[in-house]
Amino acid sequence: MTSRIHILDDSLISKIAAGEVIERPSSIVKELVENAVDAQATHIHVDIQQGGRRSITLLDDGFGMTQDEVLLALKRHATSKISTLEDLYNIQTLGFRGEALPSIASVSMMTLMTRAREPSQVTGTRVDIEGGRVLKVGDCASAEGTKIVVENVFFNTPARLKFLKSPETEFSHIDTVVEQMALAHPEIGFQLTHNGKKTLSCPLRQDLRQRIHSLYGALIVDQCLSVTGENQGFKMSGLVGRPSLHHGSARNLFFFVNGRAVKDRTLHHAVLTAYETLLMRGRYPEVFLFLELPTDQVDVNVHPAKLEVRFAQSTHVHRFVVETLKRHLQNQGGISVRMVGDPSAAWGDPRGGTPSVAPSFQQPLLGDERGRTPMTPLKIVGQIHETYLLCELPDKLIFVDQHAAHERIGFEALKRQYEAKKILSQRLLVPEIFELKPSLAEILRYYLEDLRRWGLDIDSYGDHAFAIKAVPLLLEDTRHVELVQDLVESMASYELLQPLEKRWNEVLETMACHRQVRAGDLLSPQEIWALLEEMKKTPRAMTCPHGRPVIVEVMFEEVERWFKRKK
Ligand SMILES: Nc1ncnc2c1ncn2[C@@H]1O[C@H](COP(=O)(O)OP(=O)(O)O)[C@@H](O)[C@H]1O
Ligand SMILES: [Mg+2]
């Protein structure tokens, strides 16, 4: 009888291992750039064709490899970076598992040319590999350093190939990876090209501020503060945005731990905690944070693609980051929205002895259970704090956040125009020019035609610059550049580059969020009434598109309990 159990052949084992490390073209770029950094390159050039599906080429001027070394490097678990178990807990390099080269080689056609940085090495080595099989090894003319060309990625793993997205989407992942590496190493020069077009270029020997300037332009740098901190061997440095610089998504939070770009929930949470009272809910800061911790305080061997780390003392790290950031962010002003977002905080804890308010957002606001409009008209008591309208109904008080209501009304108005296929547009007297990060610029260019149908007329204006020429009439008074940046950021989060029509709701929400309340712009009783009516019809009407409540109600019974008239 044949055994049910057998050992897999080497080529299959390699492909399984590769699956963990190499998920998509950007994973290849990440591994190759890491190797170049570990090889002490001063300049790294990445060239991409067709989002990496056709080819990924990486050229570095690092210390290269001898012929023997290359052949070893292509074997699994071959590394020059660690040798003992202790080394694993004291990692100074980006790589350490010896898995990347064989993994990449096993799922692509790879050509490797390299010459070691040693006087004895007069020629270089060239190796051609297909699906992990070495086809040819020989001498070649080569500068010091390494050039690796990876073509037809996943040609022999069709299932993986099927999961690849459009070249634009794949490239935007690649761009993110190169951006992160360029941020982590401002001392190294980086260049990235896609289909022959330069999308990122940073000279060597920069400091962080200069690097961010090269990557994102003056607009961002000027709005950032430098931060530093040190506590019991923990060090932090970086640049963080003033509260006036905020985004609709968390994609501008960059974390680096011991030189490695990571995603980390502890750090993410710590940053948001430090900015808590400075930003509106749903808005995120721009942050470039570099932590240096003793190597025994971080485990980097916890994620196949090394995208995450584990802290030995995460509470300590959290506190360190919050405290350091808060110290720098003090006196930076901003908007305090605690009271607006969380009414119970303003009135004390409902479980405590203090008077309480139960903002029953989920329940029908007006009328009885059957949704009938009450016959008694709404009485407007007044405006408080120049922010809230206080209204009275027979059984309850209603607080309306004017700004949120305004947004909601704007949303409904835009929606009506959109549904009638007639978003009214207003030409700007002077076009507004702005710049975007390269990856975002590509995305915006893709959507320019689409956006015209939404009343937003934007022209491409050089590499990463754009000019806003017309905006929807309802958004005339907004900050147009911020609006467009937010729109592009949410587009960047789409898994596929879908037509905007498919995302109309989100587009309208983003637009509506940018409408500003004009000062002293009191809503008329009719408007409030219309708003309340609309809120009954719209599923998410109880909140503004930012997620803040528009209306908070207080039952009179509750008020009577405050005054001990009722139990
Ligand atoms: N660009 C490069 N320049 C010099 N040496 C390299 C380069 N890329 C890889 N190597 C060598 O090949 C080895 C294997 O690389 P890799 O498979 O990525 O594993 P790891 O980086 O974990 O060691 C490295 O340890 C290094 O010695
Ligand atoms: Mg490596």
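As shown above, the structure is provided for reference.
For clarity, every value in this text was computed on a predicted model and none was experimentally measured.

(A) Representation of the overall build of the protein in the model. Tallying secondary structure elements over the protein gives 19 helices and 24 strands in all. Here the protein holds 567 residues, and 49% of them are scored as buried. For the protein, contacts bridging at least 24 residues in sequence account for 68% of all contacts bridging at least 6. Put simply, the protein shows about 28100 Å² of open surface, and 52% of that area lies on carbon and sulfur atoms.

(B) A look at empty space enclosed by the protein. As enumerated under the stated definition, the model contains 2 cavities of 30 Å³ or more in all. Its boundaries defined by the atoms lining it, the largest cavity holds a volume of some 110 Å³. Y216, L219, I220, H247, E435, L436, K437, L440, Q485 and E489 are the residues that line the largest cavity. Mapped by element, the contributors of at least two residues to the lining of the largest cavity are α9 (218-222) and α16 (480-492). When its residues are assigned to classes, the lining of the largest cavity shows 5 nonpolar, 2 polar and 3 charged. Put simply, the second largest cavity is a space of about 90 Å³.

(C) View of the packing of helix α10 (residues 265-275) against helix α11 (residues 314-329). Packing of α10 against α11 brings their axes to within 8 Å, and their N-to-C directions diverge by 30 degrees. Put simply, α10 runs roughly parallel to α11. For α10 against α11, the interelement crossing comes out right-handed. Each of T266, L267, H269, A270, V271, T273, A274 and Y275 in α10 lies in contact with α11, whose residues at this interface are S314, V317, H318, V321, V322, L325, K326 and L329. Here the residues of the contact of α10 with α11 are counted per class, giving 10 nonpolar, 5 polar and 1 charged.

(D) Here's a closer look at the nonpolar core. If you look at the biggest cluster of nonpolar residues, it comprises 60 residues, and the most contacted ones within it are I44 and M110. Take this core: its biggest share by element is 8 residues, from helix α7 (residues 167-184). When residues are assigned to domains, this core turns out to be shared by domain 1 (10-203) and domain 2 (223-329), each giving three or more. Leave out the neighbours within four places in its chain, and M110 touches L74, L101, I104, A105, V127, D128, I129, I148, V149 and V150. Listed in part, the 35 residues of the second largest apolar core include Y418, L436, L451 and V481.

(E) How the structure looks around the site of ligand 1. Taken together, 19 residues lie around ligand 1, and N35, T79, S80, K81 and G98 are the ones closest in. T79 is positioned such that a nitrogen or oxygen atom in its side chain is 2.6 Å from an oxygen atom of ligand 1. Notes on ligand 1: free accessible area 530 Å², of which the protein chains cover 94%. Residues that form the shell around ligand 1 fall into these classes: 8 nonpolar, 7 polar and 4 charged.

(F) Representation of the sheet that holds strand β3 (residues 109-115) within the structure. Spatially, 8 strands are ordered β5-β4-β3-β6-β2-β1-β7-β8 in an open sheet, and the strand pairing comes out mixed. Among the strands making up the open sheet, the edge pair consists of β5 (133-140) and β8 (197-202). Averaged over all adjacent pairs, the angle separating strand axes in this sheet is 10 degrees, with direction ignored. Two strands pair when backbone bridges link them, and strand β7 (residues 189-194) and β8 are joined in this way by 5 bridges, in the antiparallel orientation. Its bridge partner being in β8, Q191 is matched across the sheet by S201.

(G) Local environment of helix α1 (residues 10-21). Its 12 residues place the ends of α1 17 Å apart at the C-alpha level, agreeing with the 16 Å of an ideal helix rising 1.5 Å per residue. In this structure, the buried residues of α1 make contact with α2 (25-38) and α5 (100-106). Between a side-chain oxygen at the N-terminus of α1 and the backbone nitrogen of S11 the separation is 3.0 Å; the capping residue is D9.

(H) Inspection of the layout of surface pockets at higher detail. Here the second largest pocket defines a volume of roughly 700 Å³. Lining the second largest pocket are 32 residues, with N35, M65, A73, S80 and K81 sitting closest to its centre. Mapped onto the lining of the second largest pocket, the elements with two or more residues apiece are α2, β2 (55-60), α3 (67-73), α5 and β6 (145-151). Taken together, the residues that form the lining of the second largest pocket break down as 16 nonpolar, 8 polar and 8 charged.

(I) Looking closely at unusual backbone geometry. The backbone of Q40 shows a phi angle near 60 degrees, a positive value even though the residue is not glycine. Looking at where Q40 falls in the secondary structure, it is placed in the loop between α2 and β1 (43-49).

(J) Representation of the packing of aromatic side chains in the model. The full count for this structure, using the stated rule, is 9 aromatic pairs. With 4.4 Å between their ring centres and 10 degrees between their planes, F256 and F290 make a pair best called stacked. Of this pair, F256 sits in strand β12 (residues 253-257) while F290 sits in strand β15 (residues 287-292), and the two are 34 residues apart along the sequence. Judged by its relative accessible area of 1%, F256 falls in the buried class. Taking relative accessible area as the criterion, F290 reaches 12% and is therefore assigned buried. Through successive ring pairs, a cluster of aromatic residues spans Y216, F254 and F288. Here the basic side chain of K437 rests over the ring of Y216, its NZ or CZ set 4.3 Å away from the ring centre.

Conventions we followed
- Along each chain, residues carry numbers from 1 onward, in the same order as the chain's sequence is written.
- Chains carry letters from A onward and ligands carry numbers from 1 onward, assigned in written order.
- Reporting in this predicted model follows two pLDDT cut-offs: at least 70 for local features of residues, and 80 or more for side-chain atom pairs to be given and counted; totals over whole chains, interfaces and linings ignore these cut-offs and use all residues.
- Hydrogens and water molecules were not included; the side-chain quantities draw on all heavy atoms of the structure.
- Only runs of H or I of at least four residues qualify as helices and only runs of E of at least two qualify as strands under DSSP, and these elements are numbered from the N terminus.
- Any residue under 20% of the maximum accessible area for its type is buried, any over 50% is exposed, and the rest in between are partly exposed; the area is computed with a 1.4 Å probe on protein chains only.
- Contacts were defined at the residue level, with two residues in contact if any of their heavy atoms lie within 4.5 Å.
- Method for areas: the Shrake-Rupley scheme with a 1.4 Å probe, in which residue coverage is limited to the protein chains shown.
- Put simply, the grid is 1 Å and covers the protein atoms alone, a cavity is a trapped set of points that fit a 1.4 Å probe, a pocket is an open set with protein on both sides within 12 Å along at least five of seven lines, and lining residues have an atom within 4 Å of a point.
- Grid points are joined across faces, edges and corners, and a volume is the space filled by probe spheres set on the points.
- Three categories are distinguished: nonpolar for Ala, Val, Leu, Ile, Met, Phe, Trp, Tyr, Cys and Pro, charged for Asp, Glu, Lys and Arg, and polar for the others, with Gly belonging to the last.
- Every angle, taken between N-to-C directions, lies between 0 and 180 degrees, and every axis is a line fitted to C-alpha atoms, over only the stretch in contact when it is a helix.
- An angle counts as roughly parallel when it lies under 35 degrees, as roughly antiparallel when it exceeds 145, as roughly perpendicular when it falls between 65 and 115, and as oblique in every other case.
- Note on convention: near helix rotated counterclockwise from far helix by under a right angle means a left-handed crossing. Clockwise means right-handed.
- Remark: nonpolar core denotes a set of buried residues (Ala, Val, Leu, Ile, Met, Phe, Trp, Tyr, Cys) joined through side-chain atoms within 4.5 Å.
- What fixes the domain bounds is an automatic or database domain assignment.
- The criterion for a residue being near a molecule or strand is simple. One of its heavy atoms has to lie within 4 Å of it.
- Between N or O atoms, a polar contact is any pair within 3.5 Å; within protein, one atom must be a potential hydrogen donor and the other a potential acceptor, and residues adjacent in sequence are included only when both atoms are from side chains.
- Strand pairing is assigned whenever DSSP detects at least two bridges linking the two strands.
- To estimate the expected span of a helix, count its residues, drop one, and scale the result by 1.5 Å.
- Side-chain rings of Phe, Tyr and Trp, where Trp is taken by its six-membered ring, are said to pair if the distance between their centres is within 6.5 Å; with planes under 30 degrees apart they count as stacked, over 60 as edge-to-face, and otherwise as tilted.
- Criterion for a charge above a ring: Lys NZ or Arg CZ within 6 Å of the ring centre, and within 35 degrees of the ring normal.

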